[in-house]
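Summary of the model geometry
So you can see what is in the structure, the chains are spelled out below.
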2 protein chains.
Amino acid sequence: MNAEIISIGTEILLGHIVNTNSSYISRRLAEIGIDVYHHVTVGDNEKRLYELIKSAMARSDIVITTGGLGPTIDDITLFVLSRVSGRPLILKKKISALINAHFKKRHIAMPRNNLRQAYIPKGASWIANNTGTAPGLIIKVDGKIIIALPGPPGEMAPIFDKAVLPYLRRQSRCKYVILSRTLKTTGLAESRLHDKVKKIMRISGETTLGIYAHPGQVDLIVTSKAKNISLAKKRISFIEKGIRKKLGSLVFGADNQTLEENTLKALRGKTIAIAESCTGGLIASRITDIAGSSKNLLCSVVAYSNRSKIRLLAVPDSMIKQHGAVSRQVAKAMAIGIRGLSNADIGISTTGIAGPGGATAKKPVGLVYIALSAGQKTYVKRYYFTNDRKTIKSRASQAALDMLRLHILR
Amino acid sequence: MNAEIISIGTEILLGHIVNTNSSYISRRLAEIGIDVYHHVTVGDNEKRLYELIKSAMARSDIVITTGGLGPTIDDITLFVLSRVSGRPLILKKKISALINAHFKKRHIAMPRNNLRQAYIPKGASWIANNTGTAPGLIIKVDGKIIIALPGPPGEMAPIFDKAVLPYLRRQSRCKYVILSRTLKTTGLAESRLHDKVKKIMRISGETTLGIYAHPGQVDLIVTSKAKNISLAKKRISFIEKGIRKKLGSLVFGADNQTLEENTLKALRGKTIAIAESCTGGLIASRITDIAGSSKNLLCSVVAYSNRSKIRLLAVPDSMIKQHGAVSRQVAKAMAIGIRGLSNADIGISTTGIAGPGGATAKKPVGLVYIALSAGQKTYVKRYYFTNDRKTIKSRASQAALDMLRLHILR
């Protein structure tokens, strides 16, 4: 079976938002062996949407739309689906009750407009939206399957994963599966990583290895097309072993795992505290994105001003005067200082020049010192990051988390 | 004139990469008044690409393709363009010299495969690629304009800006321009905001108002199609005034401005300090994303554990025991405590249940108290946020920044 994805929204055609739904849905469909041959995007225009759904039905078995299910007048998907399927829109009391409950939970009265979202084409199946108000819909028309999902990714993905994917898996009875496994690395440039794995990349048959670089991270994606899941898993596992043997601790995680998540896992019972200057709270924020991080993270101080470095972290005033706030010495003193303040097992600190201002002849924008203090030892690493302020913050937080992870692994 | 954008690449259909080219090109075309009604994505498949270009030519004046111009066997755009235009591929020596020079600069011998990229349909115009090897192409076929661009955004965008955009501006002799202005709000649900501006939405003529919701933020986008830029600006400015009059301080910024940026601007000389529990450093990180924030942000403490609330922020132990760490009282004490620690003019604090664990019968996941202390006064607001841990953190940071902004404005 094959599917086509139609994204609806003038804001996409105007380039105001980037379409991430199509890639999400495609990735998930590939896993259950459903081919996607076309992505299409159209604005909030009834005539063009009608034509696109019709042409999609002519060439694809499954048509998945995202967007246009909102409560306002420019949300047209329900009307067009009614026309395409030749079925009238009818009010579903259960849906309106759910929409009501959604607003009640947030202590807000339901706006009347939202009642529009409870009208669906007669005979359509619907899937409750637990993170928003518009339900997902499944309609069979002329032997084709039409699925309509809300546009916001945070509403689309849960509905897709919970109900649409299992439904399509049952419908497709497909002859092969495509599985992918992403291995994530940090600390090595794409081309250097490529050199390390290029022999492994020459894989025969239906397993491929791709390299994708992001700021501060390079991913290796192993993809296998096979008769069944267990065969695909076996092939991927074979390649994964080869890569891990070659790269060792450079691989910090796989698939949806994040660096912060796996660093935290590695900590086990150990406690940490962070003193952030140039990263400005980003390391703490990434760590606290993970549920249960309160067990490990005792406290974090964003010591942006010299005064807070001196008062909270006991960095000697004279040291800042002599070496500057961005220096090996101050980074070290901050890591020791935050341990003293918190009694944590491990102290981490960052100090650097995130830019665009603040650089000197000897200290360019992107210069960052990261220190780690544990047991009787404190060590400092120096980095030169490039790019804008946010990217430098992000790369520095990535380096600090990885320094922590590698420290624990050793 | 109208244009259609075709993105080529199986990696997009598999969801391995997100398509950002279409939104980039759309945004630029809108500025010169060229409408985009369709985005289409297709894999590295000759037959399907041929069909898509044919159907695009039937309904659009300009067809822009991105991707499929690489040096490998699965790059098929040149063959398909040759078929579509009925013109043979011929070797352009100037292009092959440029490709050679590109590799020489990087001290690498040119791989033989790259010579493929020097073959273009006879009679086509080409545009040098200064950041890669595949040139851009312009071909006229049956009165339609076909433009082929390389897929990597870092190669596509320079070619598009330097040569394609000026070319299309001349071709279209366009009689109008399209300008957009985004007004950003927070603190009010999409449908409530819609109610407030619905009278303004019934704008006559060629100015439109769209509403787009993101977590914790709702944008109003005013778009005007007019004979010239100054007329478009005048119309937008008229609508903007109406919206601002109606919404007042609900509008926190416009276009690329962020809430953190404008909150910081409003602060002027005032200093702040933050005590974050459930937001875990996110507020500080957002503020420090802005260059120059060190002038205002004295320090931030992530007081995740009760111990750090007691020790660093002087929250009474008995208060936590009596009311719990997530309470109106503790939020207030934290905001006062961080002011005491830092001597800042304004103290802000957050305490809440980000989930998924930690909820009780009376305190659900998403319950967050935010306090602000300034002068002799400290006040606390209670929120019920929904969704996952990261979204709750994000919404809470948004609410805290907005509370700070509104406090200063008053």
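The model shown is predicted, which means the values in this text are computed figures rather than measured ones.

Let us look at the overall build of chain A. The helix and strand tally for chain A stands at 14 helices and 17 strands. By principal-axis analysis of the C-alpha atoms, chain A measures approximately 80 × 60 × 40 Å. Counting every position in chain A, which comprises 410 residues, the buried fraction comes to 56%. Sequence separation of at least 24 residues holds for 67% of the intrachain contacts in chain A that already meet a minimum separation of 6. Across chain A, the mean location of the 63 positive side-chain charges is 7 Å away from that of the 27 negative side-chain charges.

For a regular strand, the rule is simple: side chains alternate between the two faces of the sheet. Most of strand E2 (residues 35–42) of chain B sits out of view: 7 of its 8 residues are buried. Pairing geometry for strand E2 (residues 35–42) of chain A and E2 of chain B, over 5 bridges, is antiparallel. Each residue of the ladder has a partner; that of His-38 of chain A, found in E2 of chain B, is Val-42 of chain B. Pairing of strand E1 (residues 2–8) of chain B with E2 of chain B, which is carried by 7 bridges, proceeds in the parallel orientation. Of the residues in E2 of chain B, the one forming a bridge with Ser-7 of chain B is Thr-41 of chain B.

What follows concerns the packing of aromatic side chains. Inspection of every chain in the model, using the stated rule, returns 2 aromatic pairs over all chains. Aromatic pair Tyr-383 of chain A and Phe-385 of chain A: ring centres 5.2 Å apart, planes at 10 degrees, arrangement stacked. Considered together, Tyr-383 of chain A and Phe-385 of chain A belong to a single accessibility category, that of buried residues. In this arrangement the basic side chain of Arg-48 of chain A is found over the ring face of Tyr-37 of chain B, its NZ or CZ atom lying 3.6 Å from the centre.

Take the layout of surface pockets next. When its volume is computed, the second largest pocket comes out at roughly 720 Å³. Contributions of two or more residues to the lining of the second largest pocket are made by helix H1 (10–13) of chain A together with helix H2 (21–31), E2, strand E10 (207–214) and strand E11 (217–226) of chain B. Of the residues contributing to the lining of the second largest pocket, the split by class is 12 nonpolar, 10 polar and 6 charged.

In this section: the sheet that holds strand E8 (residues 144–149) of chain B. In spatial order, the strands read E6(A)-E7(A)-E8(A)-E3(A)-E1(A)-E2(A)-E2(B)-E1(B)-E3(B)-E8(B)-E7(B)-E6(B); together these 12 strands make up an open sheet with mixed pairing. Of all strands in the sheet, those bounded by a partner on one side alone are strand E6 (125–127) of chain A together with strand E6 (125–127) of chain B. Geometrically, the sheet is characterised by an average inter-axis angle of 15 degrees between neighbouring strands, direction not taken into account. Each of E1, strand E3 (62–66), strand E7 (136–141) and E8 of chain B touches helix H4 (residues 77–85) of chain B; the most contacted strand, E7 of chain B, lies at about 15 degrees to it.

Parts of the model with low pLDDT should not have their predicted coordinates read in detail. Averaged over all residues, the pLDDT of chain A is 92; the fraction at 70 or higher stands at 99%. Predicted as a complex, the structure gets a pTM of 0.79 and an ipTM equal to 0.78.

With that out of the way, let us pick up the interface of chain B and chain A. Accessible area lost upon the coming together of the parts is a frequently used measure of interface size. Across the boundary between the two partners, chain B contributes 73 residues, which contact 73 residues of chain A. Taken together, both faces of the contact between chain B and chain A bury some 5800 Å²; the carbon and sulfur share is 57%. At the junction of chain B and chain A, the tally comes to 3 salt bridges. Lys-393 of chain A is the salt-bridge partner of Asp-289 of chain B, the closest N and O atoms lying 2.6 Å from each other. Across the chain B-chain A interface, the total number found is 32 residue pairs in polar contact (both at pLDDT 80 or more). Among the residues making up the side of chain B that touches chain A, the classes are represented as 28 nonpolar, 31 polar and 14 charged.

This brings us to the side chain of Thr-186 of chain A. Residue and element names in this part refer to chain A. When you line up the elements, Thr-186 lands in the loop between strand E9 (177–185) and helix H7 (190–201). Here Thr-186 falls in the buried class, since its relative accessible area comes to 7%. Among the polar contacts made by the side chain of Thr-186, one reaches the main-chain carbonyl oxygen of Gly-216 at a distance of 2.7 Å.

All names here are of chain A. Two elements in contact, helix H3 (residues 46–59) and helix H4 (residues 77–85), have axes whose closest approach is 10 Å; the angle formed by their N-to-C orientations is 50 degrees. When the axes of H3 and H4 are compared, the pair comes out oblique. For the element pair H3 and H4, the recorded crossing hand is right-handed. In contact with Glu-46, Leu-49, Tyr-50, Ile-53, Lys-54 and Met-57 of H3, H4 contributes Thr-77, Phe-79, Val-80, Leu-81, Arg-83 and Val-84. Looking at side-chain class alone, the contact of H3 with H4 contains 8 nonpolar, 1 polar and 3 charged residues.

The subject of this paragraph is the nonpolar core. Counting 56 residues, the largest nonpolar core has Ile-6, Leu-49 and Ile-53 of chain A together with Ile-6, Leu-49 and Ile-53 of chain B as its most contacted members. Not counting chain neighbours up to four residues away, the residues in contact with Ile-53 of chain B comprise Ile-6, Thr-65, Val-80, Leu-81, Val-84 and Ile-146 of chain B. In terms of nonpolar packing, the next biggest core, distinct from the first, is built from 34 residues, Leu-298, Val-315 and Ile-320 of chain A together with Leu-312 of chain B among them.

Calculation rules
- Residues numbered from 1 in each chain as written.
- Chains lettered and ligands numbered in written order.
- Predicted model: local features only at pLDDT ≥ 70, side-chain atom pairs only at ≥ 80, totals over all residues.
- Heavy atoms only, no water.
- Helix = DSSP H or I, 4+ residues; strand = E, 2+ residues; numbered from the N terminus.
- Buried < 20%, exposed > 50% of the residue type's maximum accessible area, 1.4 Å probe, protein only.
- Contact = heavy atoms within 4.5 Å.
- Lys, Arg positive; Asp, Glu negative; His and termini not counted.
- Charge placed at Lys NZ, Arg CZ, Asp CG, Glu CD.
- Pairing = 2+ DSSP bridges.
- Phe/Tyr/Trp six-rings, centres within 6.5 Å; stacked < 30°, edge-to-face > 60°.
- Lys NZ or Arg CZ within 6 Å of the ring centre and 35° of its normal.
- 1 Å grid on protein atoms, 1.4 Å probe; cavity = no way out; pocket = protein on both sides within 12 Å on 5 of 7 lines; lining within 4 Å.
- Points joined across faces, edges and corners; volume = space filled by probe spheres on them.
- Nonpolar A, V, L, I, M, F, W, Y, C, P; charged D, E, K, R; others polar.
- Axes fitted to C-alpha atoms, helices over the stretch in contact; angles between N-to-C directions.
- pLDDT = per-residue confidence, 0-100.
- Buried area = accessible area lost by both parts, 1.4 Å probe.
- Salt bridge = Lys/Arg side-chain N within 4 Å of Asp/Glu carboxyl O.
- Polar contact = N/O pair within 3.5 Å; in protein donor to acceptor, adjacent residues only side chain to side chain.
- Parallel < 35°, antiparallel > 145°, perpendicular 65-115°, else oblique.
- Left-handed = near helix turned anticlockwise from the far one by under 90°.
- Core = buried A, V, L, I, M, F, W, Y, C linked by side-chain atoms within 4.5 Å.

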